[in-house]
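Now for the letters of each chain:
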Amino acid sequence: MSETDAKYEELQAQEEEGKEDEEEEKVTMKKNISVIHGTCIVVSIVIGTGIFVSPNAISKNVNSPAMSLVVWLFGGLIAMMHGLTYCELGTMFPLNGAEITYIRKGYGALMSFLSSFVTILILDTFSGGAQILSFSSYFWRIFYDAEEPSWIAEKALCISVLVVLVALITLRPGLTLRIINVVTFAKLAALFIVIVLGAIHLGRGQVENIAVGFNGTNWEVNNWTEAWTAVMWAYAGWNTICVMVGEIKDPRKITLIVVLSMSLITVFYMLAVTAYHSVLDMDMMRSSKPLASVRSARGLPRGLRV
């Protein structure tokens with residue numbers, strides 16, 4: 001290739017990059033997310049299946065109430081540090097998309113596409129599957145007490161829910177948004193009920209389960225790996241605000257949003273885990289049964305179980 005051809009290709013590349021920058025400047029999102037709105041968005045997205053499913057996996061592996069709380073505390077701190085790392089990138093590139101945008105800026109469009117492809121096809125799919133399975137397990141706990149619901153019943157409900165959700169998203173997107181609001185309120189209400197019932201239990205002086213403290217803590221590395229995986233899954237979604245940083249009124253306050261939201265989530269999680277441990281002994285905490293259903297079964301009548 002001659003020197004002239006090389007120079008021509010370089011100029012062409014610069015021109016195309018300039019066009020991309022111009023397009024990004026022309027296409028802008030309406031900036032209507034305040035600090036309070038951003039904090040509420042992150043809290044509502046992060047708090048979900050994890051706090052109802054992960055506690056028994058963590059307790060089974062660390063084997064003590066106090067160490068379980070330590071894991072949840074450090075999990076929240078690590079998630080916050082992850083979020084603050086994204087904040088630096090978010091203020092440098094105040095555009096929607098989070099890691100998709102950052103990878104495109106650093107490594108090009110192909111790597112950005114591959115990242116989003118893997119996220120949608122594998123990570124989000126597995127996460128959604130876990131949430132549907134958790135919903136099915138909790139749903140059948142309303143009707144079953146001691147015995148386990150059948151495998152066919154659980155999977156049939158999962159498939160039915162998936163079909164209904166796909167149909168709603170495809171045919172009635174407006175109704176889907178309203179359903180999301182209802183589900184968000186329901187999961188926060190369920191978490192609040194768990195915390196209140198735990199506080200009532202402790203208020204009666206029944207502290208024998210949580211008084212175990214660090215006794216019996218398991219220090220094996222393999223078990224701790226599984227515990228950390230479970231707790232970080234419960235905190236997944238810490239990057240939510242960076243996905244919509246282009247809509248924040250003042251992108252410089254993204255750090256405040258991350259600190260506030262992750263602090264609130266960590267407090268809520270630790271209160272909920274304290275409530276679990278206050279009522280359930282370690283044998284129950286290590287069981288494979290959904291903890292919130294066991295917790296509510298001891299504190300509420302059948303018709304009001306979560």
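Residues numbered from 1 in each chain as written. Predicted model: local features only at pLDDT ≥ 70, side-chain atom pairs only at ≥ 80, totals over all residues. Heavy atoms only, no water.

## A word on the overall build of the protein chain
Part 1 of the argument: Looking only at helices and strands, the protein chain has 13 helices and zero strands in total.
Part 2 of the argument: Traced from its N-terminal end to its C-terminal end, the protein chain shows the element sequence α-α-α-α-α-α-α-α-α-α-α-α-α.
Part 3 of the argument: The 306 residues of the protein chain split such that 39% are buried.
Part 4 of the argument: If you take every contact in the protein chain between residues at least 6 apart in sequence, the share linking residues at least 24 apart comes to 78%.
Part 5 of the argument: When the accessible area of the protein chain is evaluated, it comes to approximately 17400 Å², of which 67% is carbon and sulfur surface. (Helix = DSSP H or I, 4+ residues; strand = E, 2+ residues; numbered from the N terminus. Buried < 20%, exposed > 50% of the residue type's maximum accessible area, 1.4 Å probe, protein only. Contact = heavy atoms within 4.5 Å. Areas by Shrake-Rupley, 256 points an atom, 1.4 Å probe, with all protein chains shown as cover.)

## Some points on the packing of aromatic side chains
Part 1 of the argument: Scanning the model with the defined rule gives eight aromatic pairs in all.
Part 2 of the argument: With 6.4 Å between their ring centres and 45° between their planes, W224 and W228 make a pair best called tilted. In this pair, W224 and W228 both sit in helix 9 (residues 221–234), four residues apart, roughly one turn of the helix.
Part 3 of the argument: The partly exposed category is assigned to W228, whose relative accessible area is 28%.
Part 4 of the argument: The rings of W72, Y235 and Y269 are connected pair by pair, giving a single aromatic cluster. (Phe/Tyr/Trp six-rings, centres within 6.5 Å; stacked < 30°, edge-to-face > 60°.)

## Some thoughts on the pattern of salt bridges
Part 1 of the argument: The final tally for this structure, using the stated rule, is one salt bridge.
Part 2 of the argument: Put simply, K155 and E154 hold a salt bridge, and the shortest N to O gap is 4.0 Å.
Part 3 of the argument: A relative accessible area of 17% places E154 in the buried class. (Salt bridge = Lys/Arg side-chain N within 4 Å of Asp/Glu carboxyl O.)

## Let's talk about the packing of helix 3 (residues 50–62) against helix 9
Part 1 of the argument: Following both chains from N to C, one finds helix 3 and helix 9 inclined at 165°, their axes separated by 8 Å at the closest point. Judged by the angle between their axes, helix 3 and helix 9 are roughly antiparallel. Helix 3 and helix 9 meet at a crossing whose hand is left-handed. Contact residues: G50, I51, V53, S54, A57, I58, K60, N61 and V62 in helix 3; N223, W224, E226, A227, A230, V231, W233 and A234 in helix 9. (Axes fitted to C-alpha atoms, helices over the stretch in contact; angles between N-to-C directions. Parallel < 35°, antiparallel > 145°, perpendicular 65-115°, else oblique. Left-handed = near helix turned anticlockwise from the far one by under 90°.)

## Focus: a nonpolar patch on the surface
Part 1 of the argument: Together, Y107, L110, M111, F113, L114, F117, V118, L121, I122, L123 and F126 make up a nonpolar patch on the protein surface, roughly 1200 Å² of accessible area in all.
Part 2 of the argument: The element contributing the most residues to the nonpolar patch is helix 6 (residues 109–141), with 10 residues.
Part 3 of the argument: By secondary structure assignment, the location of M111 is in helix 6. (Patch = residues over 30% accessible without salt bridge, like charges linked within 9 Å, V, L, I, M, F, W, Y side chains within 5 Å.)

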